[in-house]
Amino acid sequence: MSVRRLAPDHVQPASFAFDAANENWADQQIAKYPEGRQASAVIPLLWKAQEQHDGWVPRAAIEEVARKLGMAPMRVMEIATFYTMFNLQPVGEHFVQLCGTTPCALRGAEAIKKVCQDVIGPQSTVTADGKLSWLEVECLGACCNAPMVQINFDYYEDLTPENFRTLLDDLRHGRPVKTGSQVGRSGSEPLGGGETLKDPALYDGTVIGAGDWQARVTEQRKAAAEAAAAKAAAEAEAKKAEATKPEAAKTDAAKPEAIKTDATPAAAGKPATDTAAAGRPKPSEPGQPTSAAQDTPAANGKPPGAADKPVK
């Protein structure tokens, strides 16, 4: 990142104050943030100060923004010098930002830079009439239509040394100019126009199938609607039939199968203790695990786990 410093003292204004409209606008921005968080409005206020002061931010504007937000001037200075969106030097009425990143460089950005040097002069200088200045910047995101520049808030793309020189001359003399592509490209489509989706059959419906496809789709929708209506009628009829059943039939149908089934004679003739958990060993059975035996009191009255001792 290049070093960014404030403009020399001899071009710095003695003071700065927001005009009435911008003062009101700044107060509205500050009001968006809770008490104690007014510093969050520092970037919008710096941007508005730059707009008011001919496109660049002087030291007095930084100090005014700091005072208005209750910030240390150095904190505002850090922000103004970090973000390249803030111009710290005077700029021309038409400020040209030239993209010199790889895609534009491969498409002729060096030739566009040479035009800037010839017509305007070195970077960060303003022409004598105050109309033009320029600066090389990083990618501006219009790589498909490289090379390109941003002039104030507008993009100018598909530049050549010839059309760019004409563009600068028109801007300098106040003549109308065309933003965007300078070669008639629409959006980011290929030069010469798009080469895909050009067959008219893609748009008249014939690719859907032969015959009257619209009538066929209508019939399909009608059949689907009739099937849905028939299904709904059948469900309604079933509910109606259920509602007219005798009460006893409803009760029997609601009982679980296990309740309606009679118990077998063998199960009914045995006590509940004999039929429940037949495979579970009883505490006195020898097959019971040792750990399970310790869960029940000993039959001889001794505490569980106590060993028999010989009587002396």
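Notes on the structure in this doc start here. (Residues numbered from 1 in each chain as written. Predicted model: local features only at pLDDT ≥ 70, side-chain atom pairs only at ≥ 80, totals over all residues. Heavy atoms only, no water.)

### So, the overall build of the protein chain
Counting secondary structure elements, the protein chain contains 13 helices and five strands. A total of 312 residues make up the protein chain; the buried ones form 27% of that total. Across the protein chain, the fraction of contacts at a sequence separation of at least 24, relative to all contacts at a separation of at least 6, is 62%. (Helix = DSSP H or I, 4+ residues; strand = E, 2+ residues; numbered from the N terminus. Buried < 20%, exposed > 50% of the residue type's maximum accessible area, 1.4 Å probe, protein only. Contact = heavy atoms within 4.5 Å.)

### As for the nonpolar core
In this structure, Val42, Leu45, Leu46, Ile62, Val65, Leu69 and Val76 are the most contacted members of the largest nonpolar core, which totals 23 residues. Examining the composition of this core, we find that six residues originate from one element, helix 3 (residues 59-69), more than from any other. Formed by 16 residues, the second largest nonpolar core is a distinct cluster that contains Val115, Val149, Ile151 and Phe164. (Core = buried A, V, L, I, M, F, W, Y, C linked by side-chain atoms within 4.5 Å.)

### So, the sheet that holds strand 4 (residues 154-157)
Taking strand neighbours across the sheet as the criterion, the five strands line up as 2-1-3-4-5 in an open arrangement whose pairing is mixed. The sheet terminates laterally at strand 2 (132-137) and strand 5 (180-181), the two strands that pair on one side only. Where strand 1 (residues 94-99) meets strand 2, six bridges bridge the pair, whose relative direction is parallel. Residue pairing for strand 2: phenylalanine 95 is matched across the bridge by serine 133. (Pairing = 2+ DSSP bridges.)

### Notes on the environment of alanine 61
In this structure, alanine 61 sits in helix 3. The contacts of alanine 61, once residues within four sequence positions are left out, are Phe16 and Ala49.

### Focus on the packing of helix 6 (residues 109-119) against helix 7 (residues 161-172)
Packing of helix 6 against helix 7 brings their axes to within 9 Å, and their N-to-C directions diverge by 35°. As for how helix 6 packs across helix 7, the hand of that crossing is right-handed. Residues Ala111, Ile112, Val115, Cys116, Asp118 and Val119 of helix 6 form the contact with helix 7, whose own contacting residues are Pro161, Phe164, Arg165, Leu168 and Arg172. Within the contact of helix 6 with helix 7, the residues separate by chemical class into eight nonpolar, no polar and three charged. (Axes fitted to C-alpha atoms, helices over the stretch in contact; angles between N-to-C directions. Left-handed = near helix turned anticlockwise from the far one by under 90°. Nonpolar A, V, L, I, M, F, W, Y, C, P; charged D, E, K, R; others polar.)

### Topic: unusual backbone geometry
In the segment running from alanine 146 into proline 147, the intervening peptide bond is cis, with an omega of -5°. Looking at the secondary structure, you find proline 147 in the loop between strand 2 and strand 3 (149-151). Positive phi outside glycine occurs at aspartate 54, with the angle close to 60°. For aspartate 54, the position within the fold is in the loop between helix 2 (42-52) and helix 3. At aspartate 158, a position not held by glycine, the phi torsion is positive, near 55°. Counting through the fold element by element, aspartate 158 comes out in the loop between strand 4 and helix 7.

### Observations concerning the packing of aromatic side chains
Summed over all chains, the structure comprises four aromatic pairs. Grouped by ring-pair contacts, the aromatic residues Trp47, Phe86 and Phe153 constitute a single cluster. (Phe/Tyr/Trp six-rings, centres within 6.5 Å; stacked < 30°, edge-to-face > 60°.)

### Concerning the pattern of salt bridges
Evaluated as defined, the whole model comprises 14 salt bridges. Between glutamate 51 and lysine 48 there is a salt bridge, with its nearest N and O atoms 3.2 Å apart. Of this pair, glutamate 51 and lysine 48 both sit in helix 2, three residues apart, which is roughly one turn of the helix. We note a salt bridge from glutamate 136 to lysine 113, for which the minimum N-O separation is 2.8 Å. Of the two residues, glutamate 136 is situated in strand 2 and lysine 113 in helix 6; the sequence distance between them amounts to 23 residues. Residue classification places glutamate 136 among the partly exposed positions, given a relative accessible area of 29%. Three or more residues are tied together by salt bridges with common partners; here these are Glu23, Asp27 and Lys68. (Salt bridge = Lys/Arg side-chain N within 4 Å of Asp/Glu carboxyl O.)

### Quick look at helix 4 (residues 73-82)
Those residues of helix 4 that sit buried are Val76, Ile79 and Ala80. The buried residues of helix 4 all sit within an arc of 95° when viewed along its axis, so they share a single face. (Arc of directions from axis to C-beta.)

### Quick word on the side chain of serine 133
Among the secondary structure elements, serine 133 is positioned in strand 2. Within the structure, serine 133 has its side chain in polar contact with the backbone nitrogen of glycine 92 (distance 2.8 Å). (Polar contact = N/O pair within 3.5 Å; in protein donor to acceptor, adjacent residues only side chain to side chain.)

### Some points on the packing of helix 2 against helix 3
Packing of helix 2 against helix 3 brings their axes to within 10 Å, and their N-to-C directions diverge by 145°. As for the relative orientation of helix 2 and helix 3, their crossing is right-handed in sense. Counted together, Val42, Leu45, Leu46 and Ala49 of helix 2 and Ala61, Ile62, Val65, Lys68 and Leu69 of helix 3 form the full contact between these two elements. Among the residues making up the contact of helix 2 with helix 3, the classes are represented as eight nonpolar, no polar and one charged.

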